[in-house]
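# Observations on the model geometry
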Amino acid sequence: MIGLSVGLLESPSASAAPTSSSQPVGGPGSAGGGSNARSGPAAGGSSRTVGTVSRSGFTLTTSAGQKVTIDETSSTKYKKGTTSASKSAVTKGESVLVLGTVSSTVIKATQVIVQPTSSGSAASTAAAVIPFQKGAPTTAKQVGQIPASYSEGSGTIVSGTTANKATEAALAAYPGGVVDRVVKLSNGEYEVHQIGVNWPHHIFVNQDFKVVGAE
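Residues numbered from 1 in each chain as written. Predicted model: local features only at pLDDT ≥ 70, side-chain atom pairs only at ≥ 80, totals over all residues. Heavy atoms only, no water.

## Side note on the overall build of the protein
Scanning the protein from N- to C-terminus turns up two helices and 15 strands. For the protein, with 215 residues in total, the buried portion stands at 46%. Of all intrachain contacts in the protein linking residues separated by at least 6 positions in sequence, the fraction that spans at least 24 positions is 64%. Of the roughly 9,700 Å² that the protein leaves accessible, carbon and sulfur atoms contribute 53%. (Helix = DSSP H or I, 4+ residues; strand = E, 2+ residues; numbered from the N terminus. Buried < 20%, exposed > 50% of the residue type's maximum accessible area, 1.4 Å probe, protein only. Contact = heavy atoms within 4.5 Å. Areas by Shrake-Rupley, 256 points an atom, 1.4 Å probe, with all protein chains shown as cover.)

Here it is in structure tokens:
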């Protein structure tokens, strides 16, 4: 279960160099200044329903309607729940979590996890996700705990197991878009950056990999 503070918090966010969330939401964008500026693909992922399946990969449609292309390789690992599985476990209509290297809406998969349908508290937070609509302004709201020192463009991009755990936590609480990077903040927590939705763009995960807030 993902721990999530549900209280509203009106915490001001200092202005900084623009990140990709200030670009058109439907596209990948790239961060502005700061140490988390993207110079290329970064660790992240996406989740939900498998569409077409081919020998080299498959397509994915998120709960918010975002379409994602998944490229599989010989090193891609598969699980069904917590049990090791094979590529054949990925079939049309299955709900999956994909972790890997993200470039726009293409993910080079390192892990594909076939999952049960969301339920309980995760489903309730998922319902709060606002899908991307072309021309619609970005929704500005905050829930839970936003780090007091947080400003857009701050932090350092992380990868590997750390990025995977933060991505998995964020997508379990707020599925719908594509996580295109995970940033470690100065207080030791993580900002998980999501594109392809109008809200939330920034999901905050603590050092225990539990979601604590979003904006």
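## Digging into the packing of aromatic side chains
All chains considered together, the criterion is met by three aromatic pairs. Ring centres of Tyr-150 and Phe-204 lie 4.9 Å apart, and the angle between their planes is 80 degrees; on these two criteria the pair is classed as edge-to-face. On the criterion of sequence distance, the pair formed by Tyr-150 in the loop between strand 9 (143–144) and strand 10 (156–157) and Phe-204 in strand 14 (residues 202–205) is long-range, its members being 54 residues apart. According to the relative accessible area criterion, Tyr-150 is buried, its value standing at 3%. Using a relative accessible area of 0% as the deciding quantity, one classes Phe-204 as buried. An angle of 85 degrees between the planes, with centres 5.7 Å apart, marks the rings of Tyr-174 and Trp-199 as edge-to-face. Placement of Tyr-174 in the loop between helix 2 (160–173) and strand 11 (178–184) and of Trp-199 in strand 13 (residues 197–199) is noted, with a sequence separation of 25 residues between them. (Phe/Tyr/Trp six-rings, centres within 6.5 Å; stacked < 30°, edge-to-face > 60°.)

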